[in-house]
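Report on the structure
Here's the letter readout for the chains.
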Amino acid sequence: MKKLLVTGSSGLIGSEVVGFFCAAGWEVHGVDNNMRKDFFGPPGDTSWNTQRLLKQHSNFRHHERDIRDRAGLVELISEVKPEAIVHTAAQPSHDLAASRPYDDFDVNAVGTVNLLEAVRRTCPETPFVHMSTNKVYGDAPNRLDLVERETRWDYADPAYHDGIKETFSIDHSMHSIFGASKVAADVMVQEYGRYFQMPTCCLRGGCLTGPNHSGVELHGFLSYLIKCNLEGKTYKIFGYKGKQVRDNIHSFDVAQFMNQFIQAPRVGEVYNLGGGRDNSISILEAFTLIEEISGEKMSFDYVDQNRKGDHICYISDLSKMKTHYPKWDITKDLRATFIEIYEAWRKRR
Ligand SMILES: NC(=O)c1ccc[n+]([C@@H]2O[C@H](COP(=O)([O-])OP(=O)(O)OC[C@H]3O[C@@H](n4cnc5c(N)ncnc54)[C@H](O)[C@@H]3O)[C@@H](O)[C@H]2O)c1
């Protein structure tokens with residue numbers, strides 16, 4: 001049986017990856033210390049997800065470990081000897097990072113180096129997939145010319161119609177403390193590829209979503225928005241007239257791409273991984289779609305102040321992913337994804 005090691009295995013992406021590879025017959029080792037609860041309080045608790053995975057998959061092993069524990073990681077990886085590694089453990093919130101910069105950097109940047117170095121020492125030939133973020137581009141995408149449409153902002157320049165490519169600058173912009181710690185990790189993952197010839201890649205995620213998100217106000221756009229609709233809670237829009245655009249990708253399609261990379265790894269690669277133009281939506285448009293699905297009106301407040309450095313319009317250009325891995329494509333459209341998240345929240349309640 002092939003072995004996969006997944007960090008952040010109880011989170012949104014990690015748990016999807018666990019399910020995907022367990023179903024494909026791998027023995028999957030998860031590393032998660034439920035630090036999301038420490039970051040976001042009880043609504044961020046992911047222990048329900050750990051229990052679900054243990055119950056559903058006999059080929060899943062959970063390791064309650066902290067990726068900040070350098071020696072612990074070397075020990076675990078030498079013991080497991082995985083054939084592939086997927087690194088999703090992180091402090092994932094833009095807003096939270098500013099109040100906990102040490103924790104943010106220790107987990108996102110240093111935790112990633114701990115893992116890279118443990119892999120280099122014990123199994124350097126193992127494909128290493130790192131979840132990065134589009135926040136590595138900082139607020140530079142906001143400098144693109146935009147047009148205001150009735151319900152959304154859009155790129156004015158047709159060269160950006162399909163979205164932002166991996167060649168976009170990550171320099172000379174405001175990243176937020178979170179974005180900067182993720183840049184550090186992203187560059188180190190590339191460097192371990194180029195310098196040590198390890199098969200690594202960074203996936204610069206747009207909005208990743210799915211039914212297993214413990215969505216909270218500070219992280220998990222669609223999951224939290226849909227939860228608000230279901231519970232009749234007021235959703236707060238921060239600036240940009242509610243027309244800010246995100247491209248959303250279902251966590252299953254993320255796991256699918258990781259699988260393609262692991263089957264045919266490359267060295268030190270970077271991919272923008274999002275839903276692309278077809279799966280892009282503004283907050284106002286998301287309200288309309290969830291109202292159609294649930295039949296409930298969305299209650300919201302408008303705060304005329306955008307979040308610092310928040311993207312106005314972000315769409316990932318998926319062409320590099322599709323060229324390198326032609327078997328991969330988006331399989332879940334927005335409506336299907338909304339329905340899955342809505343149903344999952346209903347069940348969890
Ligand atoms: N969800 C998104 O919209 C999105 C967008 C772009 C990029 N990303 C990136 O994808 C990755 C996964 O995001 P997610 O949405 O699944 O986040 P998540 O918070 O749902 O999952 C992260 C998991 O990591 C665990 N964790 C945190 N610190 C840890 C530590 N020190 N040791 C061990 N485990 C730890 C948490 O408990 C949590 O279960 C992150 O790197 C994030 O930056 C996410």
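Coordinates for the structure precede this section.
Residues numbered from 1 in each chain as written. Predicted model: local features only at pLDDT ≥ 70, side-chain atom pairs only at ≥ 80, totals over all residues. Heavy atoms only, no water.

1. Describing the site of the ligand
Within the structure, the ligand sits among 30 residues, and D32, R36, D66, K182 and G206 are positioned closest to it. In the model, an oxygen atom of the ligand is placed 3.0 Å from a nitrogen or oxygen of the L12 main chain. Between the ligand and I67 there is a distance of 3.0 Å, counted from a nitrogen atom to a backbone nitrogen or oxygen. Contact with the protein chains removes 97% of the 830 Å² of surface that the ligand exposes when unbound. The set of elements that each furnish at least two residues to the shell around the ligand consists of α1 (12-23), α2 (35-40), β5 (128-133), α7 (176-196) and β9 (207-209). Of all the elements, β5 adds the most residues to the shell around the ligand, at three residues. (Near = heavy atom within 4 Å. Polar contact = N/O pair within 3.5 Å; in protein donor to acceptor, adjacent residues only side chain to side chain. Areas by Shrake-Rupley, 256 points an atom, 1.4 Å probe, with all protein chains shown as cover. Helix = DSSP H or I, 4+ residues; strand = E, 2+ residues; numbered from the N terminus.)

2. Re the sheet that holds strand β13 (residues 280-282)
Within the open sheet, the three strands sit side by side as β9-β11-β13. Their pairing is mixed. Pairing within the sheet leaves two strands with one partner each, and these edge strands are β9 and β13. Put simply, the sheet's adjacent strands are angled 40° from each other on average, direction ignored. Here β9 pairs with strand β11 (residues 245-250) via three bridges, running parallel. If you follow L208 over to β11, its bridge partner there is I249. (Pairing = 2+ DSSP bridges. Axes fitted to C-alpha atoms, helices over the stretch in contact; angles between N-to-C directions.)

3. Quick notes on the nonpolar core
Of all hydrophobic cores here, the largest spans 33 residues; its most connected members are L4, V17, V28, L203, M258 and L273. Secondary structure elements with two or more residues in this core: β1 (3-7), α1, β4 (84-87), β5, β8 (200-205), α9 (251-263) and β12 (269-273). If you tally residues by element for this core, the top one is α1, at seven residues. Other than its neighbours up to four places away in sequence, V17 contacts L4, V6, V86, A255 and M258. By size, the runner-up hydrophobic cluster in this structure holds 25 residues, among which are L5, L73, L116 and V189. (Core = buried A, V, L, I, M, F, W, Y, C linked by side-chain atoms within 4.5 Å. Buried < 20%, exposed > 50% of the residue type's maximum accessible area, 1.4 Å probe, protein only. Contact = heavy atoms within 4.5 Å.)

4. Describing the environment of S58
Mapped onto the elements of the fold, S58 is located in the loop between α3 (47-56) and β3 (60-63). For the pair S58 and V28, spaced 30 residues apart in the sequence, the C-alpha separation amounts to 9.6 Å.

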